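A structural walkthrough
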Amino acid sequence: MTDQNDKPARKKLGLTPKNDGEAREGKRKPTRWSPLQRDRSKPVAKKPAATEDRPAREDKRRPSGPGTGQGTGPRPARERDAGASGPRRPAAEGREERKRPPTRPRDEDGEHAAPRRRATPAAPAQLKFFVPCPRGLEHELARELAELGAGEVVAGSGGARCTGDIALAWKINLWSRLAIRVLQEVADGNYRDEDDLYRVTLKQPWSDWFGVDKTIAVRTVAHNCPLKSLNFVTLKIKDGVVDRFRQDLGERPSVDAREPGVPILLYLDNDRFTLYLDLSGEPLNRRGYRVEPAPAPLNENLAAGLLRLSGWHPDTPLLDPMMGGGTILLEAAMMALNMAPGMKRHFTFENLASFDKVEWTRLRKDAEALRQEPRQLPIYGCDIDPHMIRAAGLNLKAAGLLDCVVLREGDVTEIPAPGEHGMIVSNPPYGVRLDSDSAFYKGLGDALKRNFAGWSAWLISSDAEFPKSIGLAASKRIPLYNGPLECRLYEYRMVAGTMRKKAPG
Ligand SMILES: C[S@@+](CC[C@H](N)C(=O)[O-])C[C@H]1O[C@@H](n2cnc3c(N)ncnc32)[C@H](O)[C@@H]1O
């Protein structure tokens, strides 16, 4: 969240004639926002009611998970929805050569015995999932999972557990804005050493779950694990998988550490293990629209989480006055138009025997039907750096959302509010100004009081100086993590006529 580019704008860059015009209006001048040209001819579909009345239960067990978006999510869709392909992620092993060509053995009837691609999964109908998310968003994730139809949802540390059929997992991959990935639990229990883990891995019917032609990679995540070498454990799990394949089929899958077709994850704590199939592959925050990098971008899951935590509703004007690459605006516009965040990507569950292309196509078609046509939205973005106007514009364009959002160049301490009321959601820069950070925060607080009466501001920062220097009393402080960085999300309510620090209420 630090920013290297917090310099006054030197030249204006626009992406659309309108934004160009706004940028040209005057350098660093508090220019007007474009009037909203909202297309009233198109009906605004109502979002499904959030299941706020179903608070997630606190996880009292061990830390739930390995690893650590709002969504107006899908309407409660049809009873059964389906799911999709192709991840990339590092793993603990290097690429290994396949010992034999990936020919499939024949069974007694001369049929190919593997890989077995069946419409009906061999796994039990009710599966257990662990869904990691950025820390601090577990309860929001639990609500989102419940909205998507998950059963037995329990928020834990770094994610939430839930149950459902395999189509639920596809739906979470397609629709969740907060989830980092979806893990399907295949085994769990106690362990003492690596041999225990090897034996339990060997017992699993891996070739029922995926074909020998699929590549694998094993990753181990551990908390308080007494074993000496996690690399060795990882190797033992891989051995267990390939040995079981050899037993069953006489051949083994190859390892591809970079882009495995089937990523396998082992989670270890002090004395218990859980073995998962990773159904997502590449983390779900990679929506496929970030084409132009910006310094210190917010993770998409976290951006969506901020919007959910703020209680923002798509009818409320939204402004990110320090938008950088525009992540918050993008997530907000996707929510407003009910766009499924996973539509532009593939998932590793597409490589499993449980994958059903017909069901998955239907689920995607449902999502397409639920998506509203792009229209101008009351969503505004601003940055002092003209390169960020360009970056945000390119990212919005890649998502097909450029015309939905108003962008302009400007200094947050000088711009006027784009309306009489609304919500600011933003992550201010920090950490690069060093001793002048507190002056910036004070200027930001003054500007909010001066120019944004009637608005509320939700600002995330990891800087302990921030709440002290901004000179406003926070009505909420929500602990969150931006990767390893501990942050707080602060809510400030700008009451008209209030210029002094005063506790709300
Ligand atoms: C931490 S980054 C925001 C990253 C953004 N949320 C994203 O996901 O890409 C902070 C941004 O604030 C901008 N900024 C710094 N000072 C500013 C000011 N006075 N007015 C407006 N924007 C400013 C920087 O140019 C930078 O893009």
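Since this is a predicted model, take the numbers as computed values, not measurements.

This brings us to the sheet that holds strand β9 (residues 318–320). What links the strands of a sheet is backbone hydrogen bonding, and the strands pair in either a parallel or an antiparallel sense. With respect to topology, 7 strands assemble into an open sheet ordered β11-β10-β9-β12-β13-β15-β14, the strand pairing being mixed. Of all the strands in the sheet, just β11 (406–409) and β14 (476–482) have a single pairing partner and so form its edges. Direction aside, the axes of adjacent strands within the sheet are offset by 20° on average. Where β9 lies against strand β12 (residues 422–426), 2 bridges are found, and the strand directions are parallel. Bridge assignment links L318 to a residue of β12, and that residue is M423. Relative to β12, helix α7 (residues 300–310) is tilted by about 145°, and along the sheet it contacts β12, β13 (455–461), β14 and β15 (485–493). Sheet contacts for helix α10 (residues 386–398): β10 (379–383) and β11; angle to β11, the most-contacted strand, approximately 165°.

Over its 13 residues, α10 extends 19 Å from the first C-alpha to the last, a length consistent with the 18 Å expected when each residue adds 1.5 Å. Listing the buried residues of α10 in full gives P386, H387, M388, I389, R390, A391, A392, G393, N395 and L396.

If you look at the biggest cluster of nonpolar residues, it comprises 132 residues, and the most contacted ones within it are V131, L145 and A333. Both domains that furnish three or more residues to this core are identified here as domain 1 (17–33 + 288–337 + 374–493) and domain 2 (57–278). Sequence-distant contacts of A333, that is, excluding residues within four places in its chain, are made with L377, I379, L401, C404 and V405.

In regular strands, side chains alternate between the two faces of the sheet. Note: strand β3 (residues 151–155) against strand β4 (residues 159–164), 3 bridges, orientation antiparallel. In the sheet register, G151 faces β4, and the bridge partner there is T163. Joining the antiparallel neighbours β3 and β4 is a turn of 3 residues, in which G158 adopts a positive phi near 80°.

Attention shifts here to unusual backbone geometry. Phi is positive for E152, close to 45°, though the residue is something other than glycine. By the secondary structure assignment, E152 is in strand β3. A count of 14 C-beta atoms within 10 Å places E152 in the partly exposed class. Its identity as a non-glycine residue notwithstanding, A296 has a phi of 50°, on the positive side. Along the chain, A296 turns up in the loop between β8 (272–278) and α7. What makes A296 partly exposed here is the crowd of 17 C-beta atoms within 10 Å.

Parameters and conventions
- Residues numbered from 1 in each chain as written.
- Predicted model: local features only at pLDDT ≥ 70, side-chain atom pairs only at ≥ 80, totals over all residues.
- Pairing = 2+ DSSP bridges.
- Helix = DSSP H or I, 4+ residues; strand = E, 2+ residues; numbered from the N terminus.
- Axes fitted to C-alpha atoms, helices over the stretch in contact; angles between N-to-C directions.
- Contact = placed C-beta atoms within 7 Å.
- Expected span 1.5 Å × (residues − 1).
- Buried ≥ 20, exposed ≤ 12 C-beta atoms within 10 Å, placed from the backbone.
- Core = buried A, V, L, I, M, F, W, Y, C linked by C-beta atoms within 7 Å.
- Domains from an automatic or database assignment.

Keep in mind these numbers describe shape, not what the thing actually does.
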